[in-house]
Amino acid sequence: MNYFTWLFEGVVFHDLTVSPPVEKSVSSSLIFQFSSVFCDITMSSHPSVKDTQTKMQELINKYVELSKQDPEAEPSWQCLSKSGVTKIYRKEEEKDGVLLDYLVATTTVEGVTAAEMSEVFHNGKLKLEWDHTIEADKKLETLDDYCAVYHQILKRVWPTAQRDLVYASHKQRLDIPGEHPSWIVCNVSCDHPSVPEGTSGYTRATIEVVLFCQTVCDKTDPTRKDVSCKIVYSASVNPGGWAPASAVRAISQREYPKFLKKIATFAIDHVKKSEIKY
């Protein structure tokens, strides 16, 4: 996945497993505005996957709350960079008495809806068309129509060890009274008995990724040029082995816009001749 492999492009970390020699205007400045009650995520028979699904629901709740905030007015949001309609923020929050921060990207993609963008990000077959860092992607378990567990092998970036991921990917519709539905995709690492860590021959990376999308459209009979998708994206990555947190953060800030541009370009081309889907 792009949100992981770019950590090794152009930067060489001290990997313990190898010898060292990676806009459309809207009525409010809020990112999203809605209230929603979601269904429970279907439970797996494996304890780690169950824990992951609980984490996903926490992430959904968290990003719904974030969506109600105005990053330009909230003191806990700090804009680090801006490129066109894409902005990178550092968001601070307190958890168990500890002050934490993480990076959040916002952007707008013209000609694409939330449902279409989330499908491009969530669909494994489509992902292989735009994300060329993936060597292999296998579905380990289907939990429901919108949630499954995957084992993904990433192409090696020399001289680091080759990485793999085991993660649950969940896509969920968020209904908004009087508006088109929003969609969210959560990819969260988990353990799975079919691919235990340390048995695959790869260094196991872990991820916690959220892509949150809302359709913007004020026409009753819209064409492609009348719709756009507002996005909030955040990716927390532990590449395994050893990598300094400061380097991971710096590269994340640099690569978020590149990742969003790549997936947006693919999505626009993928849906341009198809019927609009919400």
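Here the structure is a predicted model, which is why all the values come from computation and not from measurement.

A.B. asks: With reference to specific residues and values, describe the state of the cysteines.
C.D. replies: Enumeration over the complete set of coordinates arrives at zero disulfides. The thiol of C186 is not disulfide-bonded; the next cysteine sulfur, from C147, is found 9.3 Å away. Classification of C186 as buried rests on a relative accessible area of 0%.

A.B. asks: Quick rundown of the pattern of salt bridges? Include the residues and the values.
C.D. replies: If charged atoms from side chains of opposite charge come close, those side chains can pair. According to the stated counting rule, one finds 10 salt bridges in the structure shown. Taking the shortest distance from any N to any O, the salt bridge between K55 and E208 comes out at 3.8 Å. With K55 in helix α2 (residues 47-67) and E208 in strand β9 (residues 206-216), this residue pair connects regions lying 153 residues apart in the sequence. Residue classification places K55 among the partly exposed residues on the basis of a relative accessible area of 25%.

A.B. asks: Can you lay out the nonpolar core for me, pointing to particular residues and giving the numbers?
C.D. replies: If you look at the biggest cluster of nonpolar residues, it comprises 38 residues, and the most contacted ones within it are M117, F121, I231 and Y233. It is helix α5 (residues 245-271) that provides the largest number of residues to this core, a total of eight residues.

A.B. asks: Any chance you could break down the pairing of strand β2 (residues 86-95) for me, citing the residues and the numbers?
C.D. replies: Sheet topology places strand β1 (residues 77-83) next to β2; six bridges connect them, and they run antiparallel. Residue pairing in the sheet places S83 in a bridge with T86 of β2. What sits between the antiparallel neighbours β1 and β2 is a turn of two residues, in which G84 has the positive phi angle 65°. Examined bridge by bridge, β2 and strand β3 (residues 98-110) share nine bridges and lie antiparallel to one another. The partner of R90 across the bridge, within β3, is L103. Connecting β2 to the next strand, β3, in antiparallel fashion are two residues, including D96 with a positive phi near 55°.

A.B. asks: Explain the side chain of S182 to me, and be specific about the residues and the numbers.
C.D. replies: Mapped onto the elements, S182 comes out in strand β7 (residues 182-189). Assessed through its relative accessible area of 0%, S182 is described here as buried. Looking at S182, its side chain comes within polar contact range of the main-chain oxygen of C213, at 3.5 Å.

A.B. asks: Mind laying out the packing of aromatic side chains, listing which residues take part and the relevant values?
C.D. replies: In total, this model carries seven aromatic pairs according to the counting rule given. Pairing W77 with Y89 gives two aromatic rings, centres 5.4 Å apart and planes at 90°, and the pair type is edge-to-face. Of this pair, W77 sits in strand β1 while Y89 sits in strand β2, placing them 12 residues apart in sequence. Between F121 and F259, the ring centres sit 6.2 Å apart and the planes meet at 80°, which makes this aromatic pair edge-to-face. Of this pair, F121 sits in helix α3 (residues 114-122) while F259 is found in helix α5, placing the two residues 138 residues apart along the sequence. Residue classification places F259 among the buried residues on the basis of a relative accessible area of 2%. An aromatic cluster of three or more residues is present, and its members are F121, W130, Y233, Y256 and F259. Here K62 stacks its cationic end above the ring of Y102, 4.0 Å away from the centre of that ring.

Reading the values: the criteria
- Residues numbered from 1 in each chain as written.
- Predicted model: local features only at pLDDT ≥ 70, side-chain atom pairs only at ≥ 80, totals over all residues.
- Heavy atoms only, no water.
- Disulfide = S-S within 2.5 Å.
- Buried < 20%, exposed > 50% of the residue type's maximum accessible area, 1.4 Å probe, protein only.
- Salt bridge = Lys/Arg side-chain N within 4 Å of Asp/Glu carboxyl O.
- Helix = DSSP H or I, 4+ residues; strand = E, 2+ residues; numbered from the N terminus.
- Core = buried A, V, L, I, M, F, W, Y, C linked by side-chain atoms within 4.5 Å.
- Pairing = 2+ DSSP bridges.
- Polar contact = N/O pair within 3.5 Å; in protein donor to acceptor, adjacent residues only side chain to side chain.
- Phe/Tyr/Trp six-rings, centres within 6.5 Å; stacked < 30°, edge-to-face > 60°.
- Lys NZ or Arg CZ within 6 Å of the ring centre and 35° of its normal.

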